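Here are the chains, one letter per residue:
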Amino acid sequence: MLSGGKYRVNFNLYKTIIKKNLFVPSQHQIKNMLLAVDIGNTRIKVAVFEGYTLLEQFHFSSLELRKEIWFILNKYKNISQVVVASVGNIPNEAFLEFESQASIHFISSNFPFSFKNNYSTPETLGIDRMVLANGAVLKYPNQNRLVIDAGTCITYDFIDDNDSYLGGAISPGIRLRFESLHNYTSKLPLLSLESIKHQESKLEEISFIGNSTFESINSGVINGLLNEIEGFISQYEAVYPKFIIILTGGDAEFLAKRLKNTIFANSNFLLESLNQTFQHKIKND
């Protein structure tokens, strides 16, 4: 960890390209292509991989699933595997029509992960948390790892250097915190991360002492979450003096710039872990 409150953030564990009209190489140049599908609580994120290289990614709503998946399969005709991890409400049957184009695989709790699951209720552990834990084990072997996923919820997952998954924590994400303040009070306005980014475009830090209702909500939500994350890290440090921290999820880059600990920040770590998890299974079958 760094001293003196300095920041050191390592972005982009893998190079990613986010372009809707990305040039697609001729078909004879493309081999072993896979489509990773992450069905979250609020949106669907997918990525096309050639081996371990992420070629292109897409984000869309559940209502756009059929149209978008067919668009991707028609654009990348050499996709032969579709791997799905879901914590959302889309049934597996929704993917059956794509079997004419590629083999469909659903990651479940019965998947042969590379870690030992010591969760006391393993059947309740989210597939997204399992995939993240597995990706951390494969990417960073023989180390203690803390994976923090900053999405709809903030999840903390700890895997020790013996590859044992010990558990973690779940708390509301940034959007849920803003919405809760608005929905469960009569007069507090609804703020969003986008409005905060606009207001503080020339500032590095969120004001600690809010001088208006806007600033007070801003401070409570953002500084509160930063203190939560730093507090959890300090608790882990007391037991495990040496471990790596992987920060991922939609709000990862926003939070990473404001955290004082050394972290690996990669908003695509779940998709990359999903691909790596399946590639590892194929190699070891």
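Residues numbered from 1 in each chain as written. Predicted model: local features only at pLDDT ≥ 70, side-chain atom pairs only at ≥ 80, totals over all residues. Heavy atoms only, no water.

(A) Geometry of the overall build of the protein. Summing up its helical and strand segments, the protein has seven helices and 12 strands in all. Counting the 285 residues in the protein, one finds 46% classified as buried. Taking as baseline every contact in the protein between residues at least 6 positions apart, the subset at least 24 positions apart corresponds to 58%. Accessible surface, the protein as shown: approximately 14,600 Å² in total, 51% of it carbon and sulfur. (Helix = DSSP H or I, 4+ residues; strand = E, 2+ residues; numbered from the N terminus. Buried < 20%, exposed > 50% of the residue type's maximum accessible area, 1.4 Å probe, protein only. Contact = heavy atoms within 4.5 Å. Areas by Shrake-Rupley, 256 points an atom, 1.4 Å probe, with all protein chains shown as cover.)

(B) A look at the pairing of strand 8 (residues 145–150). Most of strand 8 is tucked away: six of the six residues are buried. Burial of the side chains of strand 8 extends over both faces: Arg-145, Val-147 and Asp-149 are buried on one face and Leu-146, Ile-148 and Ala-150 on the other. When strand 8 meets strand 9 (residues 153–159), the two strands line up antiparallel, connected through six bridges. Bridge pairing links Val-147 to Asp-157 in strand 9. Linkage of strand 8 to strand 9, two consecutive antiparallel strands, is achieved through a turn of two residues. One ladder, built from five bridges, connects strand 8 with strand 11 (residues 244–248); its direction is parallel. When the sheet's bridge partners are listed, Val-147 is paired in strand 11 with Ile-246. (Pairing = 2+ DSSP bridges.)

(C) Structural context of the confidence of the model for the protein. Considering every residue of the protein, the mean pLDDT works out to 87; 86% of them sit at 70 or more. Every residue in residues 1–30 scores below 50 in pLDDT, and together they form 76 contacts with partners more than four places removed in sequence or on other chains. (pLDDT = per-residue confidence, 0-100.)

(D) Focus on the nonpolar core. If you look at the biggest cluster of nonpolar residues, it comprises 31 residues, and the most contacted ones within it are Ile-174, Ile-222, Leu-247 and Leu-255. Only strand 8, strand 9, helix 3 (174–183), helix 4 (193–199), helix 5 (213–239), strand 11, helix 6 (252–256) and strand 12 (263–265) provide two or more residues apiece to this core. Among the elements that make up this core, the one with the highest residue count is helix 5 (eight residues). When neighbours within four sequence positions are excluded, Ile-222 is seen to be in contact with Ile-174, Phe-178, Leu-193, Ile-196, Ile-206 and Phe-254. (Core = buried A, V, L, I, M, F, W, Y, C linked by side-chain atoms within 4.5 Å.)

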